[in-house]
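A look at the structure
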Amino acid sequence: MAEGKTFFVDTTKCTACRGCQVACKQWNQRAGEKTYSQGSHQNPPDLSFNTWKVVRFSEVPGEKVKWYFFPDQCRHCVSPPCKEVAEGKAKGAIIQDEKTGAVIFNPKVKIKVEDFKEIREACPYNIPRISGAGIIGKCTMCIDRIKEGLLPACVKACPTGTMNFGDRKEILEKANKRLAEVKTTYKDAMLANPDDVRVIFLLVDDPKKYHKYAVAENMIGITRKMAFKRILRPLRNLQIMG
Amino acid sequence: MRVKDLYAKEGGTFPDPITKLKWDYAKDGKVDSHAVAKEINGYFTEDIAEHPVDKKAYKKETLVPNFVFLLADGRTACGNWLYSGSYTEAGNMMARRDKTPVASCNIFPRWGYAWPLNRRIIYNRASVDPNGKPWDPKRAVITWDGSKWVGDVPDNAVPPMALPNGKFPFIMKPDGVASFFGPGLADGPFPEHYEPLECPIEKNPLSSQRINPATPLFKGDLDKYTTCDPKFPFVATTYRLTEHWQTGLMTRYQSWLVEAEPQMFVELSVELAKLRGIKNGDPVNISSPRGKMWAKAMVTNRIKPFTVAGQTVHLVGMTWHYGWLVPKDGGDSSNILTPSIGDANTLIPEYKVFLVNVTKEERPKVEKKPEAKAEPKAEKKPEPKPEAKPVPKAETKK
């Protein structure tokens, strides 16, 4: 695959205006949800079939105010585990675009509840959601916009420079440059799984303080599990045939 | 238009304002924003043989060049004189995107439109000396070239002050000059600290006058005020959200905004929450001498108790974006609680400080579980949603 495209999400610049969240819904025509105030400004409370991008608010307890914003979305993994699992369950349900690297669900392929459970478990970032009709819903990288030379809706809408998008090499350069800058103030600053994903978050504190799934728990472990599944797959297919 | 037709057909108690309403901005059933913009700019309502301003002839329905051409005899119509000049016969001035600046400074007169008269800096003659020479020649907003002003559109095109017809630059001020204190203010001459109408301390620590003596106090039934009242021990303040606009009347109908900020909330400190036994997300009651309302508690370390005149004072914060019909369970506006008092000159409301009480709601609101309701709504088939519940098994045994 070519270098493809990549996002850089500079959380140090995020003000949680949620322009990205609303722009995502507008471009992708996702319905608003019925929500309730639950002691946080974060709403909807989580990703869903209709919410592909959600700004997570995390208030770190303590005397000092630390309020972290995390514009969560599909990371478009370089080697997407969800796609691996989907291959064995519902072929073609999740595909990867050659040119951009976008990981895209196929709305025409229905998925069984048990199968979806495995797909979701495979995602280190807890992203995929499913509709009542068995269709996966998640960020598409705005592939329809990119193909026309436009920026993804969330990036276009971002007023602060938090959301960036471009060719992978340039974005990686940008991310590393910004990381070096930020490190002078925040010594724990880091990029979240930059080699494995196409949505790279810049964080300045323990990732767990932003969001439980801000970084992959252990990419190696996941990969091992994937490898295991890959070995088993032909066997399962055989069983079905027999 | 439907309402107008109904009134025409069936009549009503006072039909004239509806039946005689001028409403001809529709095009293909939709409001034509260009027609509205032209109406605001203004136009001639009849042919004019010789206009008193420039002695030229103007045809009926021609757009006026700017407010100078408006006539007080009914021969012109204009929605707002300030915007007169924003949509002329030359086109939509507001849509211009020419980045050419004036020669002397970074003013872009052909980018969009600025009221009044496309003037970019109000009182711009204050930037020149009495002879019309810019105080700062490197950034010359406006310059008198001997016979006329060049640069920005002059604020009142009178000659420089040293010349016989010269005038002070602050043309909208009674004495024409800038001032910290000038004619027309109800209080002054110097800035003074007053306590808010409702405050947690008895006396103004800086003077013997507690509140602004020049502010009018209303005396209606709902104008009940209190200070240092144990029934209303906490200071409340109000603010807005980026998600909603003012009362929320427009934004609360927008599903993507209302899902992001769906209900009235009150932000309070960890300390106050502990004091009142309130947990994050609990429904609470807030009351003031004027009213009582409901909100969801948002317990946060962003709000901290103050120490005022030696005593601990708790602060709570809320918005006024909710109320009435939409969403049904959104709650009310904090305007139920606020006192009707403003500043001495313009009555800009003093809603940043007033006194309230906050208590845990005894009778919990009946509310459906959000998780169950949240998702399948947009799907055509409202089947029970089989979404796998969070699978936070960050496994990996090594």
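All values derive from a computational prediction rather than experimental measurement.

With that out of the way, let us pick up the overall build of chain B. In terms of regular secondary structure, chain B is built from six helices and 16 strands. Against the 2.2 N^0.38 benchmark of 21 Å for 398 residues, chain B shows a C-alpha radius of gyration of 29 Å, more extended than a compact globule. Each principal axis of the C-alpha atoms in chain B carries an extent, and together these give about 80 × 70 × 65 Å. Of all intrachain contacts in chain B linking residues separated by at least 6 positions in sequence, the fraction that spans at least 24 positions is 55%. Summing over all exposed atoms, chain B offers an accessible surface of approximately 23,900 Å²; the carbon and sulfur share of this is 59%. Here chain B holds 57 positive side-chain charges and 48 negative ones, and the gap between their average locations is 4 Å.

So, on to the layout of surface pockets. To locate leftover empty space, one rolls a probe as large as a water molecule over the atoms. When its volume is computed, the largest pocket comes out at roughly 350 Å³. In this structure, the largest pocket is lined by 24 residues; those nearest its centre are Asp-187, Glu-192, Tyr-194, Asn-212 and Ala-344 of chain B. Looking at side-chain class alone, the lining of the largest pocket contains 14 nonpolar, five polar and five charged residues. Here the second largest pocket defines a volume of roughly 290 Å³. Considering the residues around the second largest pocket, the lining is formed by 14 residues, among which Trp-67, Tyr-68, Tyr-186, Val-204 and Tyr-210 of chain A are closest to the centre. Among the residues forming the lining of the second largest pocket, the class breakdown is eight nonpolar, two polar and four charged.

Now for the packing of helix α2 (residues 81–89) of chain A against helix α3 (residues 113–122) of chain A. Residue and element names in this part refer to chain A. Two elements in contact, α2 and α3, have axes whose closest approach is 8 Å; the angle formed by their N-to-C orientations is 160 degrees. In terms of axis orientation, α2 runs roughly antiparallel to α3. When you trace α2 past α3, the crossing you get is right-handed. Note on element contacts: α3 touches α2 through Asp-115, Glu-118, Ile-119 and Ala-122, opposite Pro-81, Cys-82, Val-85, Ala-86 and Lys-89. The residue makeup of the contact of α2 with α3, split by class, is six nonpolar, no polar and three charged.

A pair can form between side chains of opposite charge whenever their charged atoms are brought close. Residue and element names in this part refer to chain A. Within this structure, the stated rule accounts for 29 salt bridges over all chains. Between Lys-91 and Glu-87 there is a salt bridge whose closest N-O contact spans 2.8 Å. Among the residues examined, Lys-91 registers a relative accessible area of 65% and is labelled exposed. The exposure class of Glu-87 is partly exposed, given its relative accessible area of 24%. Across the pair Lys-89 and Glu-118 runs a salt bridge whose closest N-O atoms are separated by 3.1 Å. Taken together, the residues span a long stretch of sequence, with Lys-89 in helix α2 and Glu-118 in helix α3 at a distance of 29 residues. For Lys-89, a relative accessible area of 25% gives the class partly exposed. Take Glu-118: its relative accessible area is 23%, and that puts it in the partly exposed class. Through salt bridges with shared partners, a single ionic network connects Asp-46, Arg-56, Asp-72, Arg-75 and Arg-129.

Next up on the list: unusual backbone geometry. Of note, the bond from Asn-43 of chain A into Pro-44 of chain A is cis; its omega dihedral lies within 30 degrees of zero at -5 degrees. Put simply, Val-326 of chain B and Pro-327 of chain B share a cis peptide bond, and its omega is -15 degrees. Relative to the helices and strands, Pro-327 of chain B resides in the loop between β15 (315–318) and β16 (354–360). With phi around 55 degrees, Tyr-123 of chain B is a residue other than glycine that occupies positive phi space.

With 65 residues, the main nonpolar core has Phe-7, Ile-94, Ile-111, Ile-119 and Leu-203 of chain A as its most contacted residues. Other than its neighbours up to four places away in sequence, Ile-94 of chain A contacts Cys-82, Lys-83, Ala-86, Glu-87, Val-103, Ile-104, Phe-105, Ile-119 and Ile-136 of chain A. Among the nonpolar cores identified, the runner-up in size contains 24 residues, and Ile-278, Met-293, Met-318 and Tyr-322 of chain B belong to it.

For the rest of this paragraph, the subject is the packing of aromatic side chains. Counted according to the given criterion, the structure contains 14 aromatic pairs over all chains. Taken together, the aromatic side chains of Tyr-68, Phe-70, Phe-201 and Tyr-210 of chain A make up a single cluster linked through ring pairs. Over the face of the ring belonging to Phe-49 of chain A we find Arg-30 of chain A, whose NZ or CZ atom lies 4.8 Å from the ring centre. Sitting over the ring of Trp-111 of chain B, Arg-97 of chain B keeps its end group 4.9 Å from the ring centre.

Turning our eyes to something else, we now look at the sheet that holds strand β9 (residues 190–191) of chain A. Spatial ordering of the open sheet is given by β8-β1-β10-β9 (chain A), a layout of four strands whose pairing is mixed. Sheet topology places β8 (163–167) and β9 of chain A at the edges, where each strand pairs with a single neighbour.

The subject of this paragraph is the pairing of strand β3 (residues 66–72) of chain A. Residue and element names in this part refer to chain A. The element β3 is extensively covered by neighbouring structure, given that five of its seven residues are classed as buried. As judged from the seven bridges shared by strand β2 (residues 54–60) and β3, these two strands associate in the antiparallel manner. If you follow Glu-59 over to β3, its bridge partner there is Trp-67. Here β2 hands over to β3 after five residues, with Gly-62 in that stretch at a positive phi of 135 degrees.

Moving on, we come to the sheet that holds strand β11 (residues 283–288) of chain B. Residues and elements named next belong to chain B. Within the closed barrel, the six strands sit side by side as β9-β15-β10-β12-β11-β16. Their pairing is mixed. When strand polarity is set aside, the average angle formed by the axes of neighbouring strands in this sheet is 45 degrees. The pairing of β11 with β16 spans four bridges and is classified as antiparallel. Paired with Ser-287 across the bridge in β16 is Asn-357.

Residue and element names in this part refer to chain B. Among the residues of helix α3 (residues 33–41), those classed as buried are Ala-37, Glu-39 and Asn-41. Of the surrounding elements, those touching the buried residues of α3 are β3 (43–44) and β5 (87–88). One or two residues past the end of α3 sits Gly-42, with phi positive at roughly 105 degrees.

Quick look at the confidence of the model for chain A now. For chain A, per-residue confidence averages 90 on the pLDDT scale, and 89% of positions sit at 70 or higher. For the stretch residues 236–242 of chain A, pLDDT sits under 50, and the model shows one contact to residues farther than four places along the chain or on other chains.

Residue position: Thr-215 of chain B is located in the loop between β8 (149–151) and β9 (234–238). For Thr-215 of chain B, the contacting residues outside a window of four places in its chain are Ile-341, Gly-342, Asp-343 and Ala-344 of chain B.

Moving on to the environment of Asn-92 of chain B. All names here are of chain B. Take Asn-92: it is sitting in strand β6 (residues 91–92). With 58 residues separating them in the primary sequence, Asn-92 and His-34 have C-alpha atoms 8.2 Å apart. Those residues in contact with Asn-92, other than ones at most four positions away along the chain, are His-34, Ser-86 and Tyr-87. Within the local environment of Asn-92, its side chain forms a polar contact with the backbone nitrogen of Met-94, the two atoms lying 3.0 Å apart.

Conventions adopted
- Residues numbered from 1 in each chain as written.
- Chains lettered and ligands numbered in written order.
- Predicted model: local features only at pLDDT ≥ 70, side-chain atom pairs only at ≥ 80, totals over all residues.
- Heavy atoms only, no water.
- Helix = DSSP H or I, 4+ residues; strand = E, 2+ residues; numbered from the N terminus.
- Rg over C-alpha atoms; globule rule 2.2 N^0.38 Å.
- Contact = heavy atoms within 4.5 Å.
- Areas by Shrake-Rupley, 256 points an atom, 1.4 Å probe, with all protein chains shown as cover.
- Lys, Arg positive; Asp, Glu negative; His and termini not counted.
- Charge placed at Lys NZ, Arg CZ, Asp CG, Glu CD.
- 1 Å grid on protein atoms, 1.4 Å probe; cavity = no way out; pocket = protein on both sides within 12 Å on 5 of 7 lines; lining within 4 Å.
- Points joined across faces, edges and corners; volume = space filled by probe spheres on them.
- Nonpolar A, V, L, I, M, F, W, Y, C, P; charged D, E, K, R; others polar.
- Axes fitted to C-alpha atoms, helices over the stretch in contact; angles between N-to-C directions.
- Parallel < 35°, antiparallel > 145°, perpendicular 65-115°, else oblique.
- Left-handed = near helix turned anticlockwise from the far one by under 90°.
- Salt bridge = Lys/Arg side-chain N within 4 Å of Asp/Glu carboxyl O.
- Buried < 20%, exposed > 50% of the residue type's maximum accessible area, 1.4 Å probe, protein only.
- Core = buried A, V, L, I, M, F, W, Y, C linked by side-chain atoms within 4.5 Å.
- Phe/Tyr/Trp six-rings, centres within 6.5 Å; stacked < 30°, edge-to-face > 60°.
- Lys NZ or Arg CZ within 6 Å of the ring centre and 35° of its normal.
- Pairing = 2+ DSSP bridges.
- pLDDT = per-residue confidence, 0-100.
- Polar contact = N/O pair within 3.5 Å; in protein donor to acceptor, adjacent residues only side chain to side chain.

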